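# Structural overview
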Amino acid sequence: MLYRRTDSGAQPDGHEGPAGRVAPTARVAPAGQVAPTGPPAGAAVVVGSFAMDGGQWFERHRHEHHQLAWAGRGVLAVRAVGSTWVLPPSMALWIPAGTHHSTGAAGPALFRSLYFLPGRCPVDWSAPTVVGVPPLLRELICYLADDTLAAAARERAEAVVLDQLRPVSVATVQAPMPRDPRARRVAEALRADPADGRTLAEWGARVGASGRTLARAFVADTGMPYGQWRTRVRLQAAMPLLAGGATVAAVAARVGYASPSAFVAAFRRAVGVPPGVYFAP
């Protein structure tokens, strides 16, 4: 993924317990961030708010509670079960209790983490699931972050939040790194500059392998042809730019597309929806 890991294991929502399990009601968190100190009386949902720096990652952990990971500002990335989800404020990820995951941000972001008591949660999704975040759900998340809410008001809001959790059909954009050292050099260069349009033969002259050898290495190590892998790297690089408000035309040019329409078509094929839908407010 295009995000680098810079922290040394601070957890956004609690201390790490046995076997990497994180307790969501603990107050161990990076400096300047807010971790829930305990659920308000009668609460079925706890909201933690964490200001994240660009490139910061919270290391692999799991919870005894279900979690909804959402960026109120910026772009969030979540790694779990071999996939990486890139989440603008219009999307959130449901993470079932017990699922190992890590969370990061490409740039400055406000991470809102909702924790749901499994015994009081009717949602039974067994795998990480992307949900849309319409304006109502966004406001409810912010509303529930107020620990001074009266119990009755909180209970009503929690019920509406659960009703608003609706899956959306989007695909993750994966671009695993090849193991072959020569192909890996090519991959690292393309992650640094996704717009580089050199052919595999041209790359081969640089890394000491034929274009055919590199092509076989990409298929063997990543499970996809080089052209498809490069497309995914370009789309990964485009995600935080689009979420930051850059125009489709500007992003398309920056990541190596000759036209906005070609970029939109590639985005739609890979993700399932066009950029305007994925990043809709």
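Because the structure is a prediction, the values reported are computed rather than measured.

Cut-off values and rules
Residues numbered from 1 in each chain as written. Predicted model: local features only at pLDDT ≥ 70, side-chain atom pairs only at ≥ 80, totals over all residues. Heavy atoms only, no water. Helix = DSSP H or I, 4+ residues; strand = E, 2+ residues; numbered from the N terminus. Buried < 20%, exposed > 50% of the residue type's maximum accessible area, 1.4 Å probe, protein only. Areas by Shrake-Rupley, 256 points an atom, 1.4 Å probe, with all protein chains shown as cover. Phe/Tyr/Trp six-rings, centres within 6.5 Å; stacked < 30°, edge-to-face > 60°. Lys NZ or Arg CZ within 6 Å of the ring centre and 35° of its normal. Pairing = 2+ DSSP bridges. Arc of directions from axis to C-beta. Contact = heavy atoms within 4.5 Å. Axes fitted to C-alpha atoms, helices over the stretch in contact; angles between N-to-C directions. Parallel < 35°, antiparallel > 145°, perpendicular 65-115°, else oblique. Nonpolar A, V, L, I, M, F, W, Y, C, P; charged D, E, K, R; others polar. Salt bridge = Lys/Arg side-chain N within 4 Å of Asp/Glu carboxyl O. Core = buried A, V, L, I, M, F, W, Y, C linked by side-chain atoms within 4.5 Å. Left-handed = near helix turned anticlockwise from the far one by under 90°.

## Focus: the overall build of the protein
Along the backbone of the protein there are nine helices and ten strands. Relative to its full complement of 281 residues, the protein shows a buried share of 49%. Accessible surface computed for the protein: about 12,300 Å², of which carbon and sulfur atoms make up 54%.

## Quick look at the packing of aromatic side chains
Enumeration according to the criterion identifies ten aromatic pairs in this entry. Where Phe50 meets Phe111, the ring centres are 5.4 Å apart and the plane angle is 50 degrees; that geometry is what we call tilted. With a gap of 61 residues between them, Phe50 in strand E2 (residues 45-52) and Phe111 in strand E9 (residues 109-116) connect regions that are remote in the sequence. Comparing Phe50 with Phe111, the two get one shared label, buried. Joined through ring pairs, the aromatic side chains of Tyr257, Phe263, Phe267, Tyr278 and Phe279 make up one cluster. Against the face of Tyr257 rests Arg234, its NZ or CZ located 5.6 Å from the ring centre.

## Describing the pairing of E2
Of all eight residues in E2, seven are buried; the element is thus mostly enclosed. As judged from the eight bridges shared by E2 and E9, these two strands associate in the antiparallel manner. Following the sheet pairing, Ala51 is matched in E9 by Leu110.

## Observations regarding helix H1 (residues 135-144)
Buried residues of H1: Leu137, Leu140, Ile141 and Leu144, and no others. Seen along its axis, H1 keeps its buried residues to an arc of 105 degrees; they face one direction. Relative to its buried face, H1 has exposed residues pointing more than 90 degrees away, namely Pro135 and Glu139. In this structure, the buried residues of H1 make contact with E2, strand E4 (66-73), E9, strand E10 (129-132) and helix H2 (151-164).

## Focus on the pairing of strand E7 (residues 91-95)
Among the five residues of E7, five are classified as buried, and the element is accordingly described as predominantly covered. Judged by which residues are buried, E7 turns out to be covered on both faces: Met91, Leu93 and Ile95 on one side and Ala92 and Trp94 on the other are all buried. One ladder, built from four bridges, connects E4 with E7; its direction is antiparallel. Its bridge partner being in E7, Gln67 is matched across the sheet by Ile95. The pairing of E7 with E10 spans four bridges and is classified as antiparallel. From the neighbouring strand, Leu93 faces E10, where its bridge partner is Val130.

## Examining the sheet that holds E9
Spatially, E2-E9-E4-E7-E10 is the arrangement adopted by the five strands of the open sheet, whose pairing is antiparallel. The sheet is open, and its two edges are formed by E2 and E10, each paired on a single side. Here the strands of the sheet are splayed against their neighbours by 25 degrees on average, with no regard to which way each runs.

## A look at the packing of helix H6 (residues 226-243) against helix H8 (residues 260-271)
For the pair H6 and H8, the least separation of the axes is 11 Å and the interaxial angle reads 100 degrees. Relative to H8, the element H6 lies roughly perpendicular. Contacts between H6 and H8 pair Thr231, Leu235, Ala238, Met239 and Leu242 from the former with Phe263, Ala266, Phe267, Ala270 and Val271 from the latter. Among the residues forming the contact of H6 with H8, the class breakdown is nine nonpolar, one polar and no charged.

## Quick word on the pattern of salt bridges
Scanning all chains against the criterion turns up five salt bridges. As a salt-bridge pair, Arg179 and Asp221 come within 3.3 Å of each other at their nearest N and O atoms. Taken together, the residues span a long stretch of sequence, with Arg179 in the loop between H2 and helix H3 (181-192) and Asp221 in helix H5 (residues 211-222) at a distance of 42 residues. Residue class for Arg179 comes out exposed when judged on its relative accessible area of 62%. The salt bridge involving Asp196 is made with Arg198; its shortest N-O contact spans 2.8 Å. Classification of Arg198 as partly exposed rests on a relative accessible area of 29%.

## Overview of the nonpolar core
Counting residues in hydrophobic clusters, the biggest one holds 38 residues, and the most contacted among them are Leu76, Met239, Phe263, Phe267 and Tyr278. Looking at which element gives the most residues to this core, the answer is H6, with five residues. Counting residues in each nonpolar core, the second largest holds 20 residues, with Phe116, Val131, Ala157 and Leu165 among its members.

## Things to note about the packing of H3 against H6
Following both chains from N to C, one finds H3 and H6 inclined at 30 degrees, their axes separated by 9 Å at the closest point. Helix-helix and strand crossings are classified by hand; for H3 and H6 the assignment is right-handed. Within the contact between the two elements, H3 uses Val186, Ala187, Leu190 and Arg191 and H6 uses Tyr226, Trp229, Arg230, Val233 and Gln236. By residue class, the composition of the contact of H3 with H6 is six nonpolar, one polar and two charged.

Just geometry here; none of it tells us what the structure is for.
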